[in-house]
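# Breakdown of the fold
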Amino acid sequence: MPRFLLNRFSQSIVLLVIVSIIGFTVLNLMPGGPLAQFGLDPGMTQKDIARLSEQLGLNRPLWNQYLDWAWRLIQGDWGHSYRDGSSVLTVIGRHLLATLLLMGTSTALAIAIGSWIGIRGATHRYSLFDYCATVGAMVALSVPTFWFGLIGIYIFTLKLGWVPAGNMYAIGDGSVLDYLHHLILPSLVLSLVHVAIWSRYMRTATLDALTQDFVKTARAKGVSERRILLKHVVGNALLPMITLAGVQLPSLLTGALVTETVFTWPGMGRLFLDSLGYSDYPVVMGLLIFSAILVVLGNLIADIVVAVVDPRIRLS
Amino acid sequence: MTEAQTASIYSRRSALQLMIAGAAGLAGSNLLGKPVLARTALAKPTGRVIVGLGQEPTVFNPLMAHIEVDDGVHFSVFDALFRIDPQGVIQPNLAVEVPNQKNGGISEDGLKWRIRLRDDAHWHDGKPFSAEDVKFTLELIMNPNFRSWRTAGHALVRDITVISPTEISWRMEEAFAPYLSFLTETFIVPKHILEKEANPNNAAFNQAPVGTGPFKWGQRVAGDHLELVANADYFGEGPHIERLVFKYIPDLTVLYTQFKSGDVDLVGQPYITADYYGEAKSLPNRVVTLVPKTSFESFYLNLERPQFTELAVREALYAAIDKDSIIQGLYYGVPTPTETFMPRQSLYFNANLPKHEFNLIRAGQILDKAGWAPGADGIRAKNGVRLSFANSTTSGDPLREQLQQFLQQTFAQLGIEMKISNLPAAVMWGEFWGESQFDSVVVGSSYLIGADPDVTNRLHSRSIRAKGGRGSNNAQYSNPEVDALLDKGARTFDSESRRAIYQRIQELVRRDLPFLPLYQVNVVQGTKKGISGVVPNGNTRTESWNALAWYWAS
């Protein structure tokens, strides 16, 4: 195990370096840059822009900027946002909880509902339920989330008045009930897609498990279908799901770009979009490194959990 | 304080004129002061107004490089020496009078400035405001390590002297009249807080600003909203609302939806999108107003291209533009046709310019007369120059693309070939634009810095970058008379004399047509019925320039 971890750790460092170099380069190659927002300000002269560029160190060669950034990061300095001057970790911290709340809720919903649909679809293959679930999943996967979001707002806010049109809480309220009220629509919309993904995977995994020899043996021994399903099938079908959960884990903290924008949710996804829009390099790079670390961790955790749960697998 | 009172009466009178004219459509308040009809009823600030914004305000130190959406916070938390009213007249704010050559505030040669300041203004932490703060502010702007916003004008200031806590003077390197209006956007920051900071760029103040303004800093929830609270000790009139909230709603459809559902009391920048204008007007209990901005849209020409050197071609192209159809058909009737770069809310706007008339037959005649005859391919030509050119703008802007296609078709009827060649924003407005590498461009922008009519940067022959100049005269327009007038205007302080100068400039530019003016940009501002005192001011960049005067009618 320690050797496995050491291996993984060194692989991760290489990965982070590669990701950061690519990210930094692509970001800087993007036309515009952080000062483009002042380009059409009639009062800012070329001289003003040049001065800002020098103060921010943007006039240095790219490799120089990268090494400077990387060296500071190694020392624990993630830099400061160009937009509001706060440290990058502070900026990330401000948005983390909002995302965790939204993503946590919708992922929990998605796993519960998705698994149920998947298992039921597999055990009742080619039934009406299975067809509906399949078609529903295809629709949910192919229709863009912003459309679901806007339709949701139109129906449930404007027409029915049941839920608010976005935001995490009403200004001046902020009670638990108020948070929950605001959480309903965005988490449902977001979980739609995840339910679709989870149900498809779960269906396949369950079908796979159902055809295994141990299921036939159990049936031959006269074990009830219900017991077979709960004791033999679901446990085995959940194994590949652990890996899927590991892959999805980072999104718990990196957020949903579109849904957060439509529902005015002050989370990480929107922070990323905004920072990208303003070419706030330190924040974008910070988010990139942050999510890269999460991806590494998510996969690592999944591998360990699978090894613990499945005695056939040994980490070495 | 006599001068300040005089100014206040002046603005009240102009507000009344405005109301009578129905321009604002909002009765019952003066511009900067207490609601006229409820003078006694509003002793204590009450209620809350939520302003919805499509971009997030993030820069709270008003001297640092920032964008339009940050202005609402600056105007509410801070004060400048002066402020500009909706008619374009400069009024005193932290200063007790607007200096000019008559009252001795500005010397005859325009070089020596002397400003008298209020003695009753206080910072939100209770410390008195004084001339030292003004000196500190002007010096901080020029601090080479500080990430300042605009330095134009400030760079000319020398020998700042604090004469007394309520009086300050300085010398200008050269006479520069626009500086007065630049000072309406230069908010004064507290010396006693910022002087202690080693690095003003990352100061704690930048995240929790302290000003002298009508609202104090409350709290900010990043990515969501920020809240300001009434400053009960404000030296001026107001504020009347207890809380002013700026709420960030990135999706413009959702911004409008929240206005409709009542979650947002006032839709600020970037306002209601034009396609919702018709619907918004019919919403119950909402007031929807078209507010003029300083920017205008034009068909911008590169005068060094042989196709455009001749005035007749530019006149013919202008006559071939069907502005009405464009404004009504493409832009939902929101913008206002214009003949000039000067916004109509400006004191310097020339309303007597020749009116554009769409007339294809006349356009053809102009070209025929000038000798541009159709060639074998149907395209007009003269002396070997084909009347064919490219037109560029930001790619991915569907409205502008439709405008281009519309013009392309009209021009084709005249034997003029226009090729559409659009570029991504960053490429478009980089060297391609700045170094005049284009044939023609569809562009919307403001020519004014603040509300000052000086457009040297845009129209002076000294400002052509492609010819080694500094500025944004990318049409490469050169008219010695305009140059001379621009130089004169920048040195002239009296607003009546300046008005004559800039009106003449507009006449000349309208005649020469270095660009074909299409329309002045209006925005669709929405407010909930019941909020009074919201007066649009196209001479500022924000809807929240006078939040101190807002109040809920009971």
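Cut-offs and rules
- Residues numbered from 1 in each chain as written.
- Chains lettered and ligands numbered in written order.
- Predicted model: local features only at pLDDT ≥ 70, side-chain atom pairs only at ≥ 80, totals over all residues.
- Helix = DSSP H or I, 4+ residues; strand = E, 2+ residues; numbered from the N terminus.
- Buried ≥ 20, exposed ≤ 12 C-beta atoms within 10 Å, placed from the backbone.
- Contact = placed C-beta atoms within 7 Å.
- Pairing = 2+ DSSP bridges.
- Axes fitted to C-alpha atoms, helices over the stretch in contact; angles between N-to-C directions.
- Parallel < 35°, antiparallel > 145°, perpendicular 65-115°, else oblique.
- Left-handed = near helix turned anticlockwise from the far one by under 90°.
- Nonpolar A, V, L, I, M, F, W, Y, C, P; charged D, E, K, R; others polar.
- Expected span 1.5 Å × (residues − 1).
- Arc of directions from axis to C-beta.

## Quick word on the overall build of chain A
Scanning chain A from terminus to terminus reveals 12 helices and 0 strands. Listing each helix as α and each strand as β along chain A from the N terminus yields α-α-α-α-α-α-α-α-α-α-α-α. Considering only C-alpha atoms, chain A reaches an extent of 85 × 60 × 35 Å along its principal axes. Expressed as a percentage of its 316 residues, the buried residues of chain A come to 34%. Counted over contacts in chain A with a minimum sequence separation of 6, partners at least 24 positions apart contribute 72%.

## Quick look at the sheet that holds strand β13 (residues 373-374) of chain B
Residue and element names in this part refer to chain B. Spatial ordering of the open sheet is given by β13-β14-β15, a layout of 3 strands whose pairing is antiparallel. In this open sheet, the two edge strands, each paired with only one partner strand, are β13 and β15 (385-386). Summarising the sheet, strand β14 (residues 380-382) and β15 pair through 2 bridges and their orientation is antiparallel. Its bridge partner lying in β15, A381 is registered against R386.

## A short note on the interface of chain B and chain A
Contacts between the two partners involve 44 residues from chain B, matched on the other side by 39 residues from chain A. Among the elements that take part in the side of chain B that touches chain A, helix α6 (residues 252-261) of chain B stands out by supplying 6 residues, more than any other.

## A short note on the sheet that holds strand β4 (residues 112-116) of chain B
What links the strands of a sheet is backbone hydrogen bonding, and the strands pair in either a parallel or an antiparallel sense. All names here are of chain B. Strand order in the open sheet made by the 3 strands is β4-β6-β5, with antiparallel pairing throughout. The two strands at the open ends of the sheet, each matched to only one other strand, are β4 and β5 (157-164). Adjacent strand axes in the sheet meet at a mean angle of 20 degrees, parallel and antiparallel pairs treated alike. Bridge count between β5 and strand β6 (residues 167-172): 5 bridges; the pairing is antiparallel. Each residue of the ladder has a partner; that of S164, found in β6, is E167. Taken strand by strand, helix α3 (residues 131-141) contacts β5 and β6, and its axis lies near 165 degrees from that of β5.

## Section: the packing of helix α1 (residues 2-29) of chain A against helix α3 (residues 62-74) of chain A
Residues and elements named next belong to chain A. Two elements in contact, α1 and α3, have axes whose closest approach is 11 Å; the angle formed by their N-to-C orientations is 130 degrees. The orientation of α1 relative to α3 falls into the category oblique. Note on packing geometry: the crossing formed by α1 with α3 is right-handed. From α1, S20, I21, F24, T25 and N28 reach across to α3, where they touch L62, Y66, W69 and A70. For the contact of α1 with α3, the class distribution of residues is 6 nonpolar, 3 polar and no charged.

## A look at helix α16 (residues 495-512) of chain B
Residues and elements named next belong to chain B. Look at α16: 25 Å from first C-alpha to last across 18 residues, which is about the 26 Å you get at 1.5 Å a residue. Listed as buried for α16 are R498, I501, Y502, I505, Q506 and V509. Taken down its axis, α16 places every buried residue within 140 degrees of arc, on the same side. α16 presents E496, S497 and R511 as exposed residues on the side facing more than 90 degrees away from its buried surface.

## Quick look at the pairing of strand β8 (residues 225-230) of chain B
Residue and element names in this part refer to chain B. With 6 bridges joining them, strand β7 (residues 215-221) and β8 adopt antiparallel strand pairing. Across the sheet, the residue bridging to K216 is V229, located in β8. Direction of pairing for β8 relative to strand β9 (residues 243-248): antiparallel, over a ladder of 5 bridges. Across the sheet, the residue bridging to L226 is F246, located in β9.

## Regarding the pairing of strand β10 (residues 266-272) of chain B
All names here are of chain B. Counted residue by residue, β10 has 6 buried out of 7 residues, so it is predominantly covered. Note: strand β1 (residues 48-53) against β10, 2 bridges, orientation parallel. When the bridges of β10 are listed, V51 appears paired with L266. When β10 meets strand β19 (residues 515-528), the two strands line up antiparallel, connected through 3 bridges. Looking at the pairing, V267 lines up with G526 of β19.

## Describing helix α8 (residues 311-319) of chain B
All of the buried residues in α8(B) are B:V313, B:R314, B:A316, B:L317, B:Y318 and B:A319. Buried residues along α8(B) sit against β11 (286-301), α10 (360-369) and β19 of chain B.

## Some words on the environment of A:H124
Considering the arrangement of structural elements, one finds A:H124 in the loop between α4 (88-123) and α5 (128-142). If we ignore the near neighbours within four places in the chain, the residues touching A:H124 are A:F129 and A:D130.

## Points about unusual backbone geometry
The peptide bond linking B:G238 to B:P239 adopts the cis configuration, its omega dihedral lying at -5 degrees. Phi at A:N167 takes a positive value of approximately 75 degrees, unusual for a residue other than glycine. Residue A:N167 is classed as buried on the basis of its 22 C-beta neighbours within 10 Å. With a phi close to 60 degrees, B:Q476 is a non-glycine residue in the positive phi region. A residue is classified by how many C-beta atoms lie within 10 Å of it, and B:Q476, with 20 of them, is buried.

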